[in-house]
Amino acid sequence: MPQSHARAAGRPRSPEKEAAILREALRLLSTQGYSGMTLQLVADAAGVSKSTIHLRWQTKADLVTAALEAMRMVHADAGSGDTRADLVAILEDFATTVQQVNGMALIGTCLAEEARAPELLQLLRERTVLPRRALLREVLDRAVVAGELVAGADLDAAVSALLGPYYADHLAGRVAPGWAPAAVDLVLAGLRPAGGSTARG
């Protein structure tokens, strides 16, 4: 009997269950809002017990934090040294992530809940928005050091200009497959030194 208990207590967590819980937490957050999303709803949607969720996350805030943290994962290879290719890869990875987690609805939920749950929008910024911006800024910084881009440019504004077309086109219902290369080319054209050029991947 003690051995049986020991095996049960030491049973490894299921990555599949954890992924399902986080996925359903994000889905319900975007559709039900923070106040309407409950741990029981998440458990039912993920096909697990509520106690299974509590083994991993004590509160709804803990679960939401973990779910938003999972969104932060960046799959783009942004270290090739080719400025244009790296920027395009980051933007395409960003768009894929947004689509996979119904990100636009999630963003809308965080904005709508700001008055009642301001920590939700702050978490979204910390876990997803700022890391992605930092990655884009890192590529631009490298390009400035290499002399590909003009020194002294407002690179934070450039980062906003790179990301902005996706949101604007999504709202206009016109996101096209080539939006990322087009955005990168437009921004880089304004950052090149006079008479200079940026390598195209």
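For helix H3 (residues 39-46), every residue scored as buried is listed here: Leu39, Val42, Ala43 and Ala46. One side of H3 carries all its buried residues, which in axial view fall inside an arc of 100°. Check the buried side of H3 and you find it contacts helix H2 (15-36), helix H4 (50-56) and helix H5 (60-71). Gly47 sits one or two positions beyond H3 and adopts a positive phi of about 75°.

Among the nonpolar cores identified, the biggest contains 30 residues, and Ile21, Val42, Ile53, Leu63, Val64 and Leu68 are the most heavily contacted of them. Where this core is concerned, the elements lending two or more residues are H2, H3, H5, helix H7 (103-112) and helix H8 (118-145). Residue contributions to this core peak at 8 residues, all from H2. When sequence neighbours within four positions are dropped, the list of residues in contact with Val64 reads Leu29, Tyr34, Met37, Leu120 and Leu123. Formed by 27 residues, the second largest nonpolar core is a distinct cluster that contains Leu91, Leu162, Ala183 and Leu188.

Calculation notes
- Residues numbered from 1 in each chain as written.
- Predicted model: local features only at pLDDT ≥ 70, side-chain atom pairs only at ≥ 80, totals over all residues.
- Heavy atoms only, no water.
- Buried < 20%, exposed > 50% of the residue type's maximum accessible area, 1.4 Å probe, protein only.
- Helix = DSSP H or I, 4+ residues; strand = E, 2+ residues; numbered from the N terminus.
- Arc of directions from axis to C-beta.
- Contact = heavy atoms within 4.5 Å.
- Core = buried A, V, L, I, M, F, W, Y, C linked by side-chain atoms within 4.5 Å.

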